[in-house]
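What follows is each chain in one-letter form.
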Amino acid sequence: MPVIGLGVYLNDECATACQVALEEGYRMIDSARYYMNEAQVGVGVRRSGIPREQIFITSKIYHVDFGFARGRECIQESVDQLGLGYYDLYFIHSPVTGKTKRIATYRALVEAKKDGLVKKIGVSNYSGKHIDEIIDAGLELPDVNQIELHPFCQQRPIVEYCRAKGIAIQAYSPLVTGQMDHDVFRQLAKKHNKGEAQVLIRWSLQKGYIPLPKSSRSERIRSNAQVFDFELDNDDMNALDALDQGGKGAVTWNPVEEP
């Protein structure tokens, strides 16, 4: 799995953004049925000319479609929309709807994996208790948990749980949905002669997460990937770590506490 990906939520120029990202060296694109742009991801990939097997593409099933039978239908629809044969990783988008539907939907993902429609399966916005349900049901562990992660919302209990279980962690909203006007971000950007967004992506990488910054602007897509020529030192990391506000620091829906 690539160490950084392009998020395409609320991207009205998704096909172009995907093409630019792939041309700039990205090899992962993160979509979802809710985003309504799976077909555009496929268009962007084909325009790039990069072989399908070199690109890691993900999508998610939204809670209005949860359930085993509907889940199977939706996964097939997603694959058909993409038009590239399969997904590398397919998620349950959230734990919304309750245990019974969550588990039924997860079983649909497991079956889709057996059928070759998806190569890996994951969960998003799951806390440890939600993953425990999967274990109790005797099903395979998810390969990935995708959660909101940035210095203000570090989800430490979930991160610790996933690391203990060997579950990879993807970070959505790593740029705090653009809310980067903070003294610490500015100071570190100046120190390293980088942008605030690059500092935040670098923090995520050094924490061992897989960040998914999103943008529709070519120059921003390009700069968000230029994060491998510098390193944050211990003082930098500590300053960013100290900004954690727990759940109060979330800037998205963050439904990790769903019953």
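Details of the structure are given in the entry above.
(A) Layout of the overall build of the protein. Counting its secondary structure elements, the protein contains 10 helices and 8 strands. Scaling as 2.2 N^0.38, a compact globule of 259 residues should have a C-alpha radius of gyration of about 18 Å, and the protein matches this with 18 Å. The buried share among the 259 residues of the protein stands at 58%. For the protein, the proportion of contacts with a sequence separation of at least 24, taken over those separated by at least 6, is 74%. With the model as given, the accessible surface of the protein reaches about 11000 Å², and the carbon-plus-sulfur share is 47%. Here the protein holds 31 positive side-chain charges and 34 negative ones, and the gap between their average locations is 1 Å.

(B) The layout of surface pockets, seen in detail. By volume, the largest pocket is sized at about 490 Å³. Contributing to the lining of the largest pocket are 26 residues, with Y9, Y172, S173, K214 and T252 lying nearest its centre. Tallied by class, the residues present in the lining of the largest pocket amount to 14 nonpolar, 9 polar and 3 charged. In this structure, the second largest pocket occupies an estimated 170 Å³ of space. Lining the second largest pocket we find S127, C153, Q155, R156, P157, I158, D244, G246, G247, N254, V256 and E257.

(C) Region of the structure containing the pattern of salt bridges. Applying the stated criterion to the full structure yields 20 salt bridges. A salt bridge links R52 to D88; its shortest N-O distance comes to 2.9 Å. Of the two residues, R52 is situated in the loop between α2 (38-48) and β3 (56-61) and D88 in strand β4 (residues 87-92); the sequence distance between them amounts to 36 residues. Grouping residues by exposure puts R52 and D88 together as buried.

(D) Looking closely at the packing of helix α3 (residues 68-82) against helix α4 (residues 99-114). Two numbers describe how α3 lies on α4: the axes approach to 8 Å, and their chain directions differ by 45 degrees. Taken together, the axes of α3 and α4 are oblique relative to one another. Seen along the crossing, α3 lies across α4 with a hand that is right-handed. Only A104, T105, R107, A108, L109, E111 and A112 of α4 make contact with α3, whose side of the interface consists of F68, G71, R72 and I75.

(E) Structural view of the environment of R70. Secondary-structure assignment places R70 in helix α3. Residue classification places R70 among the partly exposed residues on the basis of a relative accessible area of 30%. Each C-alpha atom of the pair R70 and G98 lies 16 Å from the other, and the pair is 28 residues apart in sequence. Once you skip the residues sitting within four places of it in the chain, R70 turns out to touch R33, D65 and E77. Within polar-contact distance, the side chain of R70 engages the side chain of E77 at 3.3 Å.

(F) Summary view of the environment of I147. Turning to its location among the elements, I147 is positioned in strand β6 (residues 144-148). Distance in space between the C-alpha atoms of I147 and P174 is 9.8 Å, their sequence separation being 27 residues. Residues in contact with I147, not counting those within four places in the same chain, are N125, Y126, Q155, I158, V159, I169, Q170, A171 and Y172.

(G) Here's a closer look at the nonpolar core. Counting residues in hydrophobic clusters, the biggest one holds 74 residues, and the most contacted among them are V41 and L240. When neighbours within four sequence positions are excluded, L240 is seen to be in contact with P151, Q154, V184, F185, L188, V199, W203 and L232. Counting 7 residues, the second-largest nonpolar core is a separate cluster that includes M28, F91, V144 and I210.

(H) Geometry of the side chain of Q155. Mapping Q155 onto the fold places it in the loop between β6 and α6 (156-165). Of the residues examined, Q155 reaches a relative accessible area of 10% and is grouped as buried. At a separation of 3.2 Å, a polar atom in the side chain of Q155 contacts the main-chain carbonyl oxygen of E148.

Cut-off values and rules
Once a new chain begins, its residue numbering starts again from 1 and follows that chain's sequence as written. Owing to the predicted nature of the model, reporting of local features is limited to residues with pLDDT of at least 70; listing and counting of side-chain atom pairs is limited to 80 or more, with chain, interface and lining totals taken over all residues. Only hydrogens and water are set aside when side-chain values are computed; all heavy atoms of the structure are taken into account. Only DSSP runs of H or I with at least four residues qualify as helices, and only runs of E with at least two residues qualify as strands; both kinds are numbered from the N terminus onward. In this treatment the radius of gyration is a C-alpha quantity, and the globule benchmark scales as 2.2 Å times the residue count to the 0.38 power. When accessible area is computed with a 1.4 Å probe and restricted to protein chains, residues below 20% of their type maximum are described as buried, those above 50% as exposed, and intermediate ones as partly exposed. The contact rule is simple, with two residues in contact once any of their heavy atoms fall within 4.5 Å. Shrake-Rupley sampling with a 1.4 Å probe provides the accessible areas, and residues are treated as covered by the protein chains on show and by no other component. A residue counts as positive if it is Lys or Arg and as negative if it is Asp or Glu; His and the chain ends are not included. Throughout, a charge is located at the NZ atom of Lys, the CZ atom of Arg, the CG atom of Asp or the CD atom of Glu. Put plainly, a pocket is an open set of points on a 1 Å grid over the protein atoms alone with protein on both sides within 12 Å along at least five of seven lines, a cavity is a set where a 1.4 Å probe fits but cannot get out, and a lining residue has an atom within 4 Å of a point. Grid points are joined across faces, edges and corners, and a volume is the space filled by probe spheres set on the points. In this classification, Asp, Glu, Lys and Arg are treated as charged, Ala, Val, Leu, Ile, Met, Phe, Trp, Tyr, Cys and Pro as nonpolar, and every other residue, Gly included, as polar. Salt bridges are identified by distance alone: a Lys or Arg side-chain nitrogen within 4 Å of an Asp or Glu carboxyl oxygen. Fitted lines through C-alpha atoms give the axes, limited to the stretch in contact for helices. The angle between two N-to-C directions lies from 0 to 180 degrees. Orientation is classified from the angle alone, with under 35 degrees giving roughly parallel, over 145 giving roughly antiparallel, 65 to 115 giving roughly perpendicular, and any other angle giving oblique. A crossing counts as left-handed when the near helix is turned anticlockwise from the far one by less than a right angle, and as right-handed when that turn is clockwise. We call two N or O atoms a polar contact when they sit within 3.5 Å, provided that within protein one can donate a hydrogen and the other can accept it, with sequence-adjacent residues counted only if both atoms are side-chain atoms. Definition of nonpolar core: a set of buried residues of the types Ala, Val, Leu, Ile, Met, Phe, Trp, Tyr and Cys, connected through side-chain atoms within 4.5 Å.

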